[in-house]
Amino acid sequence: MHQVLVIEDEPAIRNVLKVLLEAEHYRVIEADSALRAEIESRSHKPDLLLVDLGLPDGSGLTIIRRVRAWSPVPIIVLSARAQEEQKIAALDAGADDYITKPFSAPELLARVRAALRRNVRGAEQTGALALGRIRVDLSKRAASGPDGEVHLTPLEYRVLECLARHLGAIVTQQQVIREVWGPERLGDSRGLRVCIMNLRTKIEADPRKPAYLLTEAGLGYRLRVDETER
Ligand code: CA
């Protein structure tokens, strides 16, 4: 049974989350402040954190940074519409995904399931990606499609690897640049944009309407794979 730590100061929202999650047989631990969240996350070692960004005694951002310093546990941010600009900061601080309030129950549960699955996969260190008709083996650095071998440059492999490490989650532009090009290139996103464009030409059936290498407007990118092929 998976344990979910819900960090939210509004009792009504916390209660909705608790009811929803418990109906799906998750065990719910609650925290109504940043301080409580710190205590609960250390004592219970939850499998997933749902973090509200606006808390009475501090920002959810602080919690994300603190938890990330010692744990790879999946973190989903709950953000109000007024906190849109904070989403990117939350993702950069190490959150895996975000949901905007008001959220729908099926969407929330789907995100929770995806985040928990990712965690299991991360541990398996999957080396091969099924992207429609293209198969990319990251460990062998080989890619093939219906017409045979697909040639990817070392840089393209590194960008794919970076996105695959956060499979299904949003990775900000800054994060990809930091991991692939290095921190000294943070201000320059042109190389990344060109690389993404080239990758799409090689792996997407229609590069203008990507089905796998997705853009999250204003935030970054998300790599999706076919669930059934894994
Ligand atoms: Ca709040």
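One can find the structure itself at the top, above this paragraph.
All of the points below concern the structure found in this document. Predicted, not measured: the structure shown is a model, and the values here were computed from it.

### Here's the deal with the pairing of strand β3 (residues 48–52)
Here is step 1: Among the 5 residues of β3, 5 are classified as buried, and the element is accordingly described as predominantly covered.
Here is step 2: Of the two faces of β3, both are covered, the one formed by L48, L50 and D52 as well as the one formed by L49 and V51.
Here is step 3: Direction of pairing for strand β1 (residues 3–7) relative to β3: parallel, over a ladder of 4 bridges. The partner of V6 across the bridge, within β3, is L50.

### Examining the packing of helix α6 (residues 154–165) against helix α7 (residues 173–180)
Here is step 1: Two elements in contact, α6 and α7, have axes separated by 10 Å at closest approach and are oriented at 125°. When the interaxial angle is binned, α6 and α7 end up oblique. You can see that α6 and α7 cross each other, and the crossing is right-handed. Facing α6, whose interface residues are L155, R158, V159, C162, L163 and R165, α7 presents V176, E179 and V180.
Here is step 2: In terms of residue class, the contact of α6 with α7 is made up of 6 nonpolar, no polar and 3 charged.

### A short note on the pattern of salt bridges
Here is step 1: Enumeration over the complete set of coordinates arrives at 19 salt bridges.
Here is step 2: E40 is the salt-bridge partner of R36, the closest N and O atoms lying 3.0 Å from each other. One end of the pair is R36 and the other is E40, both in helix α2 (residues 34–44) and 4 residues apart, which spans about a single turn.
Here is step 3: With a shortest N-O distance of 3.1 Å, D52 and K101 are connected by a salt bridge. Of the two residues, D52 is situated in strand β3 and K101 in the loop between β7 (97–100) and α5 (105–124); the sequence distance between them amounts to 49 residues.
Here is step 4: On the accessibility criterion, D52 (3% relative accessible area) is buried.
Here is step 5: The buried category is assigned to K101, whose relative accessible area is 11%.
Here is step 6: Taken together, the salt bridges that share partners define one network made up of D97, E107, R111, E216 and R222.

Criteria and thresholds
- Residues numbered from 1 in each chain as written.
- Predicted model: local features only at pLDDT ≥ 70, side-chain atom pairs only at ≥ 80, totals over all residues.
- Heavy atoms only, no water.
- Buried < 20%, exposed > 50% of the residue type's maximum accessible area, 1.4 Å probe, protein only.
- Helix = DSSP H or I, 4+ residues; strand = E, 2+ residues; numbered from the N terminus.
- Pairing = 2+ DSSP bridges.
- Axes fitted to C-alpha atoms, helices over the stretch in contact; angles between N-to-C directions.
- Parallel < 35°, antiparallel > 145°, perpendicular 65-115°, else oblique.
- Left-handed = near helix turned anticlockwise from the far one by under 90°.
- Contact = heavy atoms within 4.5 Å.
- Nonpolar A, V, L, I, M, F, W, Y, C, P; charged D, E, K, R; others polar.
- Salt bridge = Lys/Arg side-chain N within 4 Å of Asp/Glu carboxyl O.

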